[in-house]
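Chain residues, written in single-letter form:
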Amino acid sequence: MTVHQISVFVENKSGTLLKVLDLFKEAGIQLIASTISDTVEYGIYRIICSEPARALKALKDAGISADESDVFAITLDNYPGRAADAVSIISAAGIGISYLYSFMLADKGILVFRTDNPEKTAEVIGRAGMKALNDEALLSLV
Amino acid sequence: MYLHPRFETLQRSEIENLQMERLHDTLKACMNSEFYRKRFHDAGITVDDIRTLDDVTKIPFTTKQDLRDNYPFGICTVPMEKVVRLHSSSGTTGTPTVILHTKKDLEQWAEAVARCLYMVGLRSGDVFQNSSGYGMFTGGLGFQYGAERLGMLTVPAAAGNTKRQIKFITDFGTTALHAIPSYAGRLYEVMEEMGIDPRKDTKLTTLIIGAEPHSEEQRRRIEKMLGVKAYNSFGMSEMCGPGVAFECQEQNGMHIWEDYYIVEIVDPVTLEPVPDGEIGELVLTTLNREAMPLLRYRTRDLTRILPGECPCGRHHRRLDRMKGRSDDMMILKGVNIFPIQIETVLMQFPELGNEYLITLTNLDANDTMTVEVELKEFTDDYARLQSLTKEITRQLRDEILITPQVRLVPKGSIAQGEGKAVRVRDLRKTLI
């Protein structure tokens, strides 16, 4: 089970993020979590929101380079070290994590990540009894 | 096969003998003009110092600025009453330049264009339509007179009004069309809208293209769309206009008529000749012009001589596609680099868009080139973006011998305003 994440390819120029956020505001789409990864070569703004399909269309209509991808979002019990436990299970299976970010929602810790082997990741998550969310499950926590 | 077999099939030594003979006459005529007399005097040479073709390098270059400084009639070498026509550049980048023609000049020009058109297989009986602008622009009348001289029914359709252009093509049974490459694409689009299939509903077989940089892929695409053979051509108003160099049916480089011109390719910085096969600035000396001969005229166009013989039997050397303008050249770590080299590499990647920007900096006294290029379709896959960046970098290094910083940027972020696209930003500071 995965959630839809919107990735925006952003210019390294002031005002670019605001343009994206304004589009979400106009479209009445709620931001749930977001993170910017800024490497030397490119900036990517990744967003989890209430209506990913509509968000992607709004961005593309505005001529903004964006992509939609499936990422894992697992809920964690709220105590120190829980994230380390979760990641260690995935690493132990020999799966590489491309990127990861986390946030709190309804007293739950939520870990969002993408791996180099989605199928195996889903299997490991299931076997370890971790709880992966889909779009609806995530939205119900908001 | 040849319209002028006597000139077209000359051996190299015969071409050179003819050139020397015509150069001698040209130089003598040049001394009728105050401009050239002063030039030779200032350079400390006389006509008698030019005894062989190698001596041509002793003659000072003529530039566009010279034409401007002597606007309008300053370089004329015949009495003005012998001049029957003039053509002028638009003057958008400064004072316009004027080229004068005698009756004989116009005849020789028409012969050159006719020779080119005959070479690609056009004959009396063909219907030739010209979509060039007429008037001061040389592509209009230049092709008109050449095509008529060949005995073709010649349609001066002129530029624009695409639907009317297509109506002429179908109504008059046009078999050959002259159009710039981008307009050929436009014609096809409108034909499609009108429900016309150029392959079935028209008699088009030959397309003459030129004036606009285009790639081999673009040519092949146009040929397929319109169902024609497309031939590349080169001309410039300072050299009369069309008819300077033209592809033969081999479609492999443009024969430049060496009974009309002495051809040199020089390094745009040192102005020294470069060997055949290397890119440099095209320098031409007219050998067949009365009113306004030009000696060692710097065309600012970059190209190279294609080495080797052409199977068509002509020994007039072949020019490669124009590679851009010498004004665009960059020097980085002592290496000469042209934007077109970078563009050619970038355009081979289907993942990339059309816009790019080259930035030169010299932080830490080290010349650095950054190439920003727009990504056509963004996918959030870091590994793929990275390997694409690496591959672009590798191919650029192979081409320009310097490793640039390649940055993929979102589409729309390298916005181009109207007019000529800005491809290079040089932010280097002079270091003391």
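In case you missed it, the structure is sitting above this.
These remarks concern the structure in this document. (Residues numbered from 1 in each chain as written. Chains lettered and ligands numbered in written order. Predicted model: local features only at pLDDT ≥ 70, side-chain atom pairs only at ≥ 80, totals over all residues. Heavy atoms only, no water.)

1. Thoughts on the nonpolar core
Residue and element names in this part refer to chain B.
At step 1: Leu 117 and Phe 128 are the most contacted members of the largest nonpolar core, which totals 68 residues.
At step 2: Here this core takes nine residues from helix H5 (residues 103–119), the largest share from any one element.
At step 3: Met 330, Leu 346, Leu 375 and Ile 400 belong to the second-largest nonpolar core, a separate cluster that totals 27 residues. (Core = buried A, V, L, I, M, F, W, Y, C linked by side-chain atoms within 4.5 Å. Buried < 20%, exposed > 50% of the residue type's maximum accessible area, 1.4 Å probe, protein only. Helix = DSSP H or I, 4+ residues; strand = E, 2+ residues; numbered from the N terminus.)

2. Concerning helix H12 (residues 382–400) of chain B
Residue and element names in this part refer to chain B.
At step 1: Here H12 spans 27 Å end to end across 19 residues, near enough to the 27 Å set by a 1.5 Å rise per residue.
At step 2: Residues of H12 that are buried: Leu 385, Leu 388, Thr 389, Ile 392, Thr 393, Leu 396 and Ile 400. End-on, the buried residues of H12 take up no more than an arc of 135 degrees, which puts them together on one face. Of the exposed residues in H12, the ones pointing more than 90 degrees away from its buried face are Ala 383, Arg 384 and Lys 390.
At step 3: At the C-terminal side of H12, Leu 401 shows a positive phi close to 65 degrees. (Expected span 1.5 Å × (residues − 1). Arc of directions from axis to C-beta.)

3. Some points on the pattern of salt bridges
Residues and elements named next belong to chain B.
At step 1: Across all of its chains, the model carries 36 salt bridges over all chains by this definition.
At step 2: For Glu 281, the salt bridge identified is with Arg 298, shortest N-O distance 2.8 Å. Placement of the pair is Glu 281 in strand E11 (residues 280–286) and Arg 298 in strand E12 (residues 297–303), with a sequence separation of 17 residues.
At step 3: Overall, Arg 298 belongs to the buried group, its relative accessible area being 11%.
At step 4: Here the salt bridges share partners, and the residues they tie into one network are Glu 216, Arg 219, Arg 220, Glu 223, Glu 247 and Arg 321. (Salt bridge = Lys/Arg side-chain N within 4 Å of Asp/Glu carboxyl O.)

Scope: geometric values only; no functional claims are made or implied.
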